[in-house]
Amino acid sequence: MDDRSNLLEVKNVVKMFGGLRANDNISLQVEKGEIRGLIGPNGSGKTTLINLITGIYEVTEGSIHYYGRRIDGLQSNVIASMGIMRTFQVARVWRDMTVLENMLIPAFTQGLSRREAKSRAEELLDFALLIRLKDKQAKSLSGGQNMLLQIVRGFMHKDLKLYVMDEPFAGVHQSIKGIIIESIKMMNQGKDVTFLIVSHEMSTVKALCNKVTVLCKGERIAEGTMEEVANDPQVIDAYLGG
Amino acid sequence: MKIFNLKNIGLLVLLIVAVFLPVVISDYWRFVLTIAFFYTIMAASWNLLGGYTGQFSLGHHTFAMIGAYTSTLLMQKAGAPFWVSIPAGILLTMIISSLLGVMCLRIHGIYLALITWAFAEVVRNYFRLHYAFTGGDRGIDSPLIFGTMKPTPYYYLFLGIAVLAIVLIAVIMRSKIGYYLRSIRDDPIAARSMGVDIVRYKIFVFMVASGLAGMAGVFYGHSIGLISPVMGDFNEMAMIIIFVVIGGMRTQAGPIVGAISVRYLMELLRAQSEFRIVILTAIVILIMRFFNGGLMELFRRLKKWIRRDREGPVSAYQELEQKQG
Ligand SMILES: Nc1ncnc2c1ncn2[C@@H]1O[C@H](COP(=O)(O)OP(=O)(O)O)[C@@H](O)[C@H]1O
Ligand SMILES: [Mg+2]
């Protein structure tokens, strides 16, 4: 397979939690510039896969490659420094730090100066309509604002290549959802950032993603455009059969 | 940021007062303050480790003990001069603490506290039991660095190293590393995912905090003239935490305010002897209940209260506080 087009390649990955196969022989390739959707019923192993890609968990079997280089087994911070950022299903912001401070850290770890980091942060916060909250502690923000902060925080990485998002639209207000979609499009077109997005919102996934991968009970059961997978009997079964 | 803001001017005034204070106080109080400066370093460095970074170590006092014993034993048993034994004492605490830091990498919260406490007990018992070498419970004479029992030079020595330690901690906390340390305490998983090398900074903070404690301990020995395993008593650790909590955890002035005011209070209550600890504990409970942020929180509220009279508009902080009730 051509390594240049494959930004991310997951090869036969298995993740066991005790006797549970949370990810069961999953393979998938994401090309540079894609916005890939990752869908599947609850408990199908989406978050687990993200945690494997970003080095939070160790794979039980199989391997994960990024630009042709093996990244499974690397520390999360090393993976981050290679240009992979992520968000968490339940937003993980630094609650006792201010909104601005939250933004600065990923820029600092990637060697941006204070001045550069601050102006970039203010630009992004402005875009996300969070600028007037910049000196507030993150714990004073609403759930949706925290999700938004978590998302724009990842954009602070100066060499962001792959952005993995775990349910970025879950439980956020319609207006915030709009900003998130807008930022994804902007970074994809303007900065050539590749996205892997877990979401339950079929309409959003359909509008945003060129291609979707469907997981069910830890296995990859389908892949293709939203129309293709929506008509796949296995997928229909997975969603209707529970 | 302005250099001549109110806070910095206040600090400068405090420093000038501290420099001239010995002129107007007795030898006894000079000695009391010297000890208070020792505890200021211990409290400030523990705040860096346990407060800002969330590495709740219960072995911090032990590093002062290791520093003190190393330097003293090198002089007494190997005839080393001060300029060798003092750096050696500090260096050894940094080496041992980074090893302990590596051991504690994957350990959090209560387990970290337990491991560091066990480490502290092992070290303390080592010094107690190897009496042929360490003098056991009786302790060992430590050569006085100024060759005199008069407290004034020691006062300035400890004032100097306390300022040094506080400045070093302030510089670290304002640097990028300071952001990383706070992010590690707040949410280590988020920190790792956002590129923070938490392994490196956890070991770094262990090494710096313990190195400062080691430095304080080395000079403590050479100022008091006698060191003993009492330095390793858990009481010492408890006092350090009390200073930080009363002063204000995770604030820069908190440990200083805490250490000096509580040491002062303890002197005033000297006649009460063992009852002092009861009074202190009661104060800690009151502070935890009403001023979670310690004395610094009290100051902040007072300041806010005075400002509110003058200014009126509700600040973001007040808004937040009202929301939380
Ligand atoms: N840390 C863990 N320990 C044990 N089981 C886990 C852990 N994380 C996830 N699981 C299990 O793995 C399965 C997949 O979970 P997850 O990846 O969170 O699914 P999804 O994100 O698709 O809803 C679930 O059955 C879940 O209970
Ligand atoms: Mg999930």
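Residues numbered from 1 in each chain as written. Chains lettered and ligands numbered in written order. Predicted model: local features only at pLDDT ≥ 70, side-chain atom pairs only at ≥ 80, totals over all residues. Heavy atoms only, no water.

Topic: the coordination of the magnesium ion (ligand 2)
Selection rule: Because water is not among the atoms used, a metal site may look incomplete, as its donors are only the N, O and S atoms within 2.8 Å, or 3.2 Å for Na, K and Ca. Secondary structure elements are defined from DSSP: runs of H or I of at least 4 residues count as helices, runs of E of at least 2 residues count as strands, and each element is numbered from the N terminus.
Around the magnesium ion (ligand 2), the donor atoms from the protein are Thr 47 of chain A (OG1) and Gln 89 of chain A (OE1), and they sit 2.0 to 2.3 Å away. In this pair, Thr 47 of chain A is assigned in helix α1 (residues 46–53) and Gln 89 of chain A in the loop between β6 (84–86) and α3 (99–109), connecting sequence segments 42 residues apart.

Here we look at the sheet that holds strand β1 (residues 6–17) of chain A
Residue and element names in this part refer to chain A. Applicable threshold: Two strands make a pair as long as DSSP finds a minimum of two bridges between them. By definition, residues are in contact when any of their heavy atoms lie within 4.5 Å. Axis angles are defined between N-to-C directions and span 0 to 180 degrees, where every axis is a line fitted to C-alpha atoms and, for a helix, only to the segment in contact.
Strand order in the open sheet formed by 4 strands is β2-β1-β4-β5, with antiparallel pairing between adjacent strands. Looking at which strands have only one partner, the edges of the open sheet turn out to be β2 (20–31) and β5 (69–70). Bridge count between β1 and strand β4 (residues 61–66): 5 bridges; the pairing is antiparallel. The partner of Val 10 across the bridge, within β4, is Ile 64. Where α1 meets the sheet, it contacts β1, β2 and β4, and its direction lies at approximately 115° from that of β1.

A few points about a nonpolar patch on the surface
All names here are of chain B. Stated precisely, the cut-off is as follows: What goes into a patch is any residue over 30% in relative accessible area without a salt bridge, connected to like charges within 9 Å or, for nonpolar side chains (Val, Leu, Ile, Met, Phe, Trp, Tyr), within 5 Å. Each accessible area value is a Shrake-Rupley result obtained with a 1.4 Å probe; residue values ignore everything except the protein chains displayed when judging cover. The salt bridge criterion pairs a side-chain nitrogen of Lys or Arg with a carboxyl oxygen of Asp or Glu, the two atoms within 4 Å.
On the surface, a cluster of nonpolar side chains totalling about 760 Å² of accessible area is made up of Leu 12, Leu 15, Ile 16, Val 19, Phe 20, Val 23, Val 24 and Tyr 156. Looking at which element gives the most residues to the nonpolar patch, the answer is helix α1 (residues 6–24), with 7 residues. Within the element layout of this structure, Phe 20 appears in helix α1.

Section: the pattern of salt bridges
Rule in force here: Any residue under 20% of the maximum accessible area for its type is buried, any over 50% is exposed, and the rest in between are partly exposed; the area is computed with a 1.4 Å probe on protein chains only.
Throughout the structure, instances matching the rule amount to 24 salt bridges over all chains. Here Arg 70 of chain A ties to Asp 72 of chain A by a salt bridge, and the two come within 3.0 Å at their closest N and O atoms. Look at Asp 72 of chain A and you get buried, because its relative accessible area is 15%. A salt bridge links Arg 124 of chain B to Glu 121 of chain B, with the nearest nitrogen and oxygen atoms 3.0 Å apart. Of the two residues, Arg 124 of chain B and Glu 121 of chain B are both situated in helix α5 (residues 109–129); the distance of 3 residues between them amounts to about one turn of the helix.

A closer look at the packing of helix α8 (residues 176–186) of chain B against helix α10 (residues 198–224) of chain B
All names here are of chain B. The criterion, for reference: When an angle is under 35 degrees it counts as roughly parallel; over 145 it counts as roughly antiparallel; between 65 and 115 it counts as roughly perpendicular; any other value is oblique. Classes in brief: Ala, Val, Leu, Ile, Met, Phe, Trp, Tyr, Cys and Pro nonpolar; Asp, Glu, Lys and Arg charged; the others, Gly included, polar.
At a minimum axis distance of 10 Å, the contact between α8 and α10 shows a crossing angle of 100°. By the criterion of interaxial angle, the relationship of α8 to α10 is roughly perpendicular. In contact with Ile 177, Tyr 180, Leu 181 and Ile 184 of α8, α10 contributes Ile 198, Tyr 201, Lys 202, Phe 204 and Val 205. Its residues assigned to classes, the contact of α8 with α10 comprises 8 nonpolar, no polar and 1 charged.

Considering α8 of chain B
An α-helix turns once every 3.6 residues. As a result, residues three or four positions apart point the same way. Among all positions of α8 of chain B, only Gly 178, Tyr 179, Tyr 180, Leu 181, Ser 183, Ile 184 and Asp 186 of chain B are buried. On its buried side, α8 of chain B packs onto α3 and α4 (114–127) of chain A together with α2 (27–52), α7 (152–174), α9 (188–193) and α10 of chain B.

What to know about the site of ligand 1
All names here are of chain A. Going by this rule: Proximity is defined per residue: any heavy atom of the residue falling within 4 Å of a molecule or strand makes that residue near it. Pairs of N or O atoms are called polar contacts if they sit within 3.5 Å, as long as, within protein, a hydrogen donor faces a hydrogen acceptor (for residues adjacent in sequence, only side-chain-to-side-chain pairs).
Neighbouring residues of ligand 1: Phe 17, Leu 20, Ala 22, Pro 41, Asn 42, Gly 43, Ser 44, Gly 45, Lys 46, Thr 47, Thr 48 and Tyr 57. Taking Gly 43, its main chain carries an N or O atom lying 2.8 Å from an oxygen atom of ligand 1. Ser 44 is positioned such that a nitrogen or oxygen atom in its backbone is 3.2 Å from an oxygen atom of ligand 1. Surface burial for ligand 1 is 63%, taken as the share of its 560 Å² of free accessible area covered by protein chains. Listing elements by their share of the shell around ligand 1, those giving two or more residues are β2 and α1. By residue number, the principal contributor to the shell around ligand 1 is α1, which donates 3 residues. Tallied by class, the residues present in the shell around ligand 1 amount to 5 nonpolar, 6 polar and 1 charged.

Some details on the packing of aromatic side chains
For clarity, the threshold we go by: Note on aromatic pairs: the rings of Phe, Tyr and Trp (six-membered ring only in Trp) are paired at centre separations within 6.5 Å, and the planes decide the class, stacked below 30 degrees, edge-to-face beyond 60, tilted for the rest. Lysine and arginine charges are scored as sitting over a ring when NZ or CZ, respectively, is within 6 Å of the ring centre and within 35 degrees of the ring normal.
The final tally for this structure, using the stated rule, is 20 aromatic pairs over all chains. Taken together, a centroid distance of 5.0 Å and an interplanar angle of 70° make the contact between Tyr 66 of chain A and Tyr 67 of chain A edge-to-face. Accessibility expressed as a relative area gives 37% for Tyr 67 of chain A, which makes it partly exposed. By way of ring pairs, the aromatic residues Phe 38, Tyr 39, Phe 158, Tyr 220 and Phe 243 of chain B are connected into one cluster. Of note, Arg 92 of chain A hangs over the ring of Phe 88 of chain A, and the distance from its end group to the ring centre comes to 5.3 Å. Lying over the aromatic face of Phe 290 of chain B, Arg 289 of chain B brings its terminal NZ or CZ to 5.0 Å of the ring centre.

Quick look at empty space enclosed by the protein
Residues and elements named next belong to chain B. Applicable threshold: As defined here, a cavity is a set of points on a 1 Å grid over the protein atoms alone where a 1.4 Å probe fits but cannot get out. A pocket is an open set with protein on both sides within 12 Å along at least five of seven lines, and residues line them when an atom is within 4 Å of a point. Grid points are joined across faces, edges and corners, and a volume is the space filled by probe spheres set on the points.
Within the structure shown, the criterion is met by 1 cavity of 30 Å³ or more. Around the largest cavity, the lining residues are Ala 44, Asn 47, Ile 166, Ile 169, Thr 251, Gln 252 and Pro 255. Every element with two or more residues in the lining of the largest cavity is listed here: α2 and α7. For the lining of the largest cavity, a count of residues per class yields 4 nonpolar, 3 polar and no charged.

Observations regarding the pairing of β2 of chain A
Residues and elements named next belong to chain A. Pairing of β1 with β2, which is carried by 8 bridges, proceeds in the antiparallel orientation. From the neighbouring strand, Lys 15 faces β2, where its bridge partner is Asn 23. The antiparallel hairpin formed by β1 and β2 contains 2 residues in its connecting segment, where Gly 18 sits at a positive phi of about 60°.

Re the side chain of Thr 62 of chain B
Position of Thr 62 of chain B among the secondary structure elements: in helix α3 (residues 60–78). Here Thr 62 of chain B falls in the buried class, since its relative accessible area comes to 0%.

A word on unusual backbone geometry
All names here are of chain A. For Asn 12, which is not glycine, the phi dihedral falls at a positive 45°. You can see Asn 12 is positioned in strand β1. The exposure class assigned to Asn 12 is partly exposed, which follows from its relative accessible area of 42%. Not every positive phi belongs to a glycine, and Asn 25 is a case in point at roughly 55°. Tracing the sequence through the fold places Asn 25 in strand β2. With relative accessibility at 42%, the residue Asn 25 sits in the partly exposed group.

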